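# Residue-level structural notes
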Amino acid sequence: MIIRNPKGQLLKSNYTTPQQFRQDVRDNLWNTPTTGVMDSYVQANVVILPEIYAQDFVNFCEANSKPCPLLEVLEPGIPWTSKIADRADIRTDVPAYKIYSKGVLSSETNDISSIWRDDLVTFFLGCSFSFEYALQEENIPVKHQDLGTNVPMFITNIQTVPSNLFSGPMVVSMRPIPDNLVDKSVEITSRFPDNHGAPIHIGSPASLGISDLQNPDYGDPVPIANGETPVFWACGVTPQAVALTARPELMITHSPGHMFVTDMKL
């Protein structure tokens, strides 16, 4: 069964395997955020760079493992996964891509086959959408899922550890957590270091340089109700903020919230 919103956008479908879901993505039948999709399967952020930048970006991820936990790196020119999924095609199996040219967002698409090059290296980074299932299993609400929206993401005043070309601010995702469940959410998410792990901050957004929680840099606003605390996790959208500073000749990423769904169980 497929569920669509009043605008006709695909919201949910009863997939039994990640392969089925990725086929719908490949066929352009799913182009909305992947939060809540294939519960208990790991989702991944995607960064694609020319080979000349690859080692610097690996070094950047290793120095900033909280926002950029590496799950798999493909060889130059190879578009098929081997570790995190069985020969998924990175050119077609992400619901939406962003293409940056020298740090400027030049286009968005759902298929990068026409611009694929033999020197492109694909990086998969862990994603906090992965642990949302674990939170819900412990009766901790995931509010943006309940509202049918994307998670809100914010550029912070926390600077990443630079690696030659790559430097810039950390991005965080925010989830309102009931006050009495904050400690439990920390304990649960700390079990998943490959998916950003425990929060980096709880409470005051101002200390992160965030002036308005209802005006996210990426994603959708989610209201904070009385009795809820904003909790912030490091986010794999960080490389997209870094791209604005690093200005590589080409960087292709997933569109925030539109993740690659792997075959890996949480």
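Residues numbered from 1 in each chain as written. Predicted model: local features only at pLDDT ≥ 70, side-chain atom pairs only at ≥ 80, totals over all residues. Heavy atoms only, no water.

### A few points about the confidence of the model for the protein
As a reminder of what qualifies: A residue's pLDDT is the predictor's confidence in that residue, given on a scale from 0 to 100. In this analysis, two residues are considered to be in contact whenever any of their non-hydrogen atoms come within 4.5 Å of each other.
With 95% of its residues at a pLDDT of 70 or more, the protein has an overall mean of 93. Here residues 1-10 is a poorly scored stretch, pLDDT under 50, and it has 19 contacts once near neighbours within four places are set aside; other chains count.

### Here's the deal with helix α1 (residues 18-26)
Short version of the rule: Here's how the labels work: a residue is buried when its accessible area is under 20% of the maximum for its type, exposed when over 50%, partly exposed in between, all with a 1.4 Å probe on protein chains only. Each helix corresponds to a stretch of at least 4 residues labelled H or I by DSSP, and each strand to a stretch of at least 2 residues labelled E; elements are numbered beginning at the N terminus. What the arc describes is the spread of directions from the helix axis to the C-beta atoms.
Regarding α1, the residues found buried are P18, F21, R22, D24 and V25. Looking straight down α1, one finds its buried side chains confined to an arc of 155 degrees; they lie on one side. Those residues of α1 that are buried are in contact with β3 (41-50) and β13 (260-265).

### Some points on the nonpolar core
Rules: Think of a nonpolar core as a cluster: buried Ala, Val, Leu, Ile, Met, Phe, Trp, Tyr and Cys residues, connected wherever their side-chain atoms sit within 4.5 Å.
Formed by 20 residues in total, the largest nonpolar core has its most connected members in V46, I48, I90, F124, I252 and F260. Every element with two or more residues in this core is listed here: β3, β5 (97-101) and β7 (120-126). A per-element tally of this core places β3 first, with four residues. Not counting the four nearest positions on each side in its chain, F124 is found in contact with A44, N45, V46, P69, L70, L71, E72, L74, T81, I84, I90 and F260.

### Some points on the side chain of S255
Mapped onto the fold, S255 is located in the loop between β12 (251-254) and β13. A relative accessible area of 8% means that S255 is categorised as buried. Dropping the residues within four chain positions of it, S255 is found in contact with A96, Y97, K98 and E108.

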